[in-house]
Amino acid sequence: MRKNVIFAAAAVGMLASCSPKELKLNEKNIDKIVEAMTLEEKALLVTGVGMDSGSEGLSATIGAQAELVPGAAGSTHAIPRLGIPSVVLSDGPAGLRINPTREGDENTYYCTHFPIGTLLASTWNQELIEQVGESIGNETLEYGADVLLAPALNIHRNPLNGRNFEYYSEDPVVAGKTAAAYVRGVQSNGVGTSIKHFAANSQETNRTGVNSIIETRALREIYLRGFEITVKESDPWTVMTSYNKINGTYTSEDKELIENILRDDWGYKGTVMTDWYGGTDVNAQVWAGNDMLQPGRPTQYQGIIDGVNNGSIDVADLDRNVKRILNLVVRTPRFKGYQYSNKPDLQAHAAVTRQSAVEGMVLLENKNNALPLSKDVKNVSVYGLTSYDMIAGGTGSGNVNRAYTVSLLDGLKNAGYSVNEAIKSEYSSYLAKCEAEKKAAPAGDPLASFLPPSLPTEYVPSAATIASSAKSDDAAIITIGRISGEFVDRTVADFNLSKEEKDLISSVSKAYQALGKKVVVVLNIGGVIETASWKNIPDAILLSWQAGQEGGNSIADVLCGKESPSGKLPMTWPINFTDHKSSENFPRAEAFELDLSTFMGTEKVEKEPVETYDWTNHKEGIYVGYRWFDKAGIEVSYPFGYGLSYTSFEYSNIKLENDGKNISISVDVKNSGAAVGKEVVEVYVSAPAATMDKPVQELKGYAKTAKLAAGESETVKVVIPIADLASFNEAASAWEVEAGNYKFNVGSSSRDIRVSSEIEIAAQSEKVSDVMKTVAWK
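Give me the lowdown on helix H16 (residues 421–437), citing residues and values where you can.
The terminal C-alpha atoms of H16, which comprises 17 residues, lie 24 Å apart, in line with the 24 Å expected from a rise of 1.5 Å per residue. Those residues of H16 not exposed but buried are Ile423, Tyr427, Tyr430 and Cys434. When H16 is viewed along its axis, its buried side chains cluster within an angular range of 65° and face the same direction.

Put into structure tokens, the structure is as follows:
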């Protein structure tokens with residue numbers, strides 16, 4: 001498979017004897033190194049070392065490159081004669097993903113599984129997310145990797161995107177600031193990140209071929225804005241382009257996206273790499289400024305050499321890309337000779353993941369203060385398959401090889417509760433039966449371990465068992481679970497609860513509530529599900545998300561009242577899936593047969609192009625998420641920014657100041673309840689709309705209080721640059737702040753505004769590159 005590259009690498013080694021010994025890479029001689037490199041060495045450096053899959057054709061799968069750090073996603077070529085080491089790239093974003101064991105080695109190399117992206121975003125706490133990043137970055141450093149392929153921050157255009165679990169929000173401010181905090185934390189260890197997937201990776205269906213058709217304003221304001229925030233606030237070492245096309249061009253081949261917007265408009269100085277096997281035209285990728293092609297194929301290596309020799313690749317473009325990669329190399333621990341220990345402090349990191357998970361859990365319902373569980377509750381009935389087999393996170397590249405996962409059952413026991421053993425026995429027997437009946441994956445199928453598995457049909461104990469348990473136990477907890485994973489989008493059936501799940505909630509609630517006992521539903525899920533039809537049945541609903549390896553302990557901490565929930569939703573929960581405007585133009589995964597040629601290098605059969613598969617019109621424009629629901633006046637199950645607490649908060653004394661550059665907002669927040677708690681203060685802005693259509697309001701900033709005791713107050717301050725209030729005028733290719741009165745709405749969710757104030761702002765305008773113009777809908 002690697003004959004061409006192996007031959008080239010051998011040739012590079014032969015040159016070592018005749019190269020100047022003193023010429024070795026350092027931070028100050030990169031130009032000289034590039035001048036000294038042969039064409040073959042340059043071609044090697046911009047293409048990765050390849051995968052250990054044994055298949056030249058493998059495409060769009062999970063990376064695995066074993067030479068330096070077993071299980072790492074990939075690496076760059078070393079050029080020893082010039083002092084250029086390999087750089088190791090490893091998957092994230094819920095933690096470092098490497099192999100936990102190694103052949104002939106009795107040591108283990110487990111990593112910490114942190115909460116998924118939706119949970120981290122639900123904390124609305126940048127300081128906490130930075131701490132999570134610091135822990136992940138430390139494991140990256142101590143296990144010998146140089147760049148973590150994370151975070152992922154694409155927009156939740158639609159609830160059915162299969163990869164929403166590792167993305168953050170429907171809002172670019174939440175997405176960008178969450179990602180920026182993560183990047184700052186990871187890179188504080190002296191290792192790099194790769195923000196992904198740049199850009200508009202809105203679906204998994206045909207993700208390597210779909211053409212995302214997006215008008216320029218929506219592209220700038222919604223799909224690129226989060227990346228812009230992350231680049232400007234955290235300086236990620238690398239950016240990873242996405243698989244899809246935008247308006248007809250693959251992102252890794254789009255010079256307007258990479259050079260004009262990312263570099264010229266935003267001032268980015270780092271390295272750009274492809275996603276694994278992304279794009280099709282190596283000449284276009286080199287020209288576009290996509291510096292590094294991962295994981296690397298012999299055909300790409302040879303294509304670059306041929307392209308330079310025949311004039312289809314300008315050597316100046318290749319040299320530019322090589323310089324950017326060398327600038328990355330000199331920043332890495334491997335270049336600096338760091339002696340990694342292979343022994344990060346996993347115990348300390350487990351404490352970090354446990355606490356971060358607590359703060360991102362969202363209390364959706366809490367009738368008559370059903371939570372925290374009263375001190376009288378000692379014996380608990382636990383229902384639902386994922387109570388016993390908790391889902392820690394997503395599958396695919398977002399999976400983490402951890403040493404353990406704490407189930408809800410174990411978390412409750414650790415918190416001092418007694419669990420109904422008879423019910424446990426029934427679930428254990430059912431799960432064992434389902435495991436025995438599971439069909440084995442086809443032999444030799446390289447996708448089998450990557451595709452999201454299916455959960456068994458939910459188990460509903462008999463009416464007699466439920467009735468007996470209701471008499472003997474003090475409360476019931478029901479867990480509803482969903483698998484999260486890349487490669488495929490979710491189905492509408494996955495969005496809705498199954499008949500068995502509804503029957504379980506209904507029958508358990510009826511039996512326990514008849515005896516005056518509480519029923520709590522825990523949602524062990526990665527994305528939005530339907531809740532409107534059943535949310536009034538149980539006494540409380542706790543959205544625990546997929547909380548990492550300490551999930552069971554984190555949930556128990558909230559249920560027992562050790563911690564008060566303070567998470568807020570980073571996306572809207574609709575009453576019906578079809579209430580989302582984007583549902584008119586989003587693929588129904590159940591309608592498309594999984595095309596293995598999307599993932600494998602087999603020859604595709606030519607088919608008639610199909611809408612939402614070969615192309616997807618983003619006809620909703622800027623009206624994604626709450627922007628649409630507010631504009632259309634549609635009721636929702638839970639609004640953007642929503643989340644209850646075990647206490648209550650009062651807002652007062654709003655003040656606005658305009659210094660000509662920033663608007664400073666301050667507001668007093670008082671804990672008016674009886675429990676300790678934190679509050680997220682959300683700042684929405686309603687802008688004048690004389691010259692352009694505008695959303696009803698848009699989130700422009702937020703902050704989270706410290707823990708406030710009952711009666712305690714804090715003055716919360718949020719500073720918003722006036723430039724951030726701009727809308728994008730495509731005709732002028734400019735960000736424009738319209739002159740007039742701006743209303744600042746401060747509240748606990750997008751539909752729970754507590755205080756408001758207006759201030760006059762003068763007009764501003766900033767010209768940017770006139771590129772990526774709107775194209776006609778297909």
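Give me the pattern of salt bridges: which residues, what numbers.
Going through the model one piece at a time under the given rule, you end up with 48 salt bridges. Two residues, Asp291 and Arg324, come together in a salt bridge whose shortest N-O distance is 3.2 Å. Here the residue Asp291 occupies a position in the loop between helix H10 (282–288) and helix H11 (298–310), and Arg324 occupies one in helix H12 (residues 315–329), the gap between them amounting to 33 residues. With a relative accessible area of 13%, Arg324 lands in the buried category. Close ionic contact of Asp557 with Lys562 constitutes a salt bridge, the shortest N to O distance being 4.0 Å. A relative accessible area of 7% places Asp557 in the buried class. Assessed through its relative accessible area of 54%, Lys562 is described here as exposed. Counted as one network, the salt bridges with shared partners bring together Arg163, Glu166, Glu204, Arg207 and Glu486.

How would you sum up the sheet that holds strand S17 (residues 615–617)? Please name residues and give values.
Spatial ordering of the open sheet is given by S8-S7-S5-S17, a layout of four strands whose pairing is mixed. On the outer flanks of this sheet lie strand S8 (249–250) and S17, each paired with one strand and no other. With three bridges connecting them, strand S5 (residues 211–213) and S17 associate as parallel partners. Bridge assignment links Ser212 to a residue of S17, and that residue is Thr616.

The rules behind these values
- Residues numbered from 1 in each chain as written.
- Predicted model: local features only at pLDDT ≥ 70, side-chain atom pairs only at ≥ 80, totals over all residues.
- Heavy atoms only, no water.
- Helix = DSSP H or I, 4+ residues; strand = E, 2+ residues; numbered from the N terminus.
- Expected span 1.5 Å × (residues − 1).
- Buried < 20%, exposed > 50% of the residue type's maximum accessible area, 1.4 Å probe, protein only.
- Arc of directions from axis to C-beta.
- Salt bridge = Lys/Arg side-chain N within 4 Å of Asp/Glu carboxyl O.
- Pairing = 2+ DSSP bridges.

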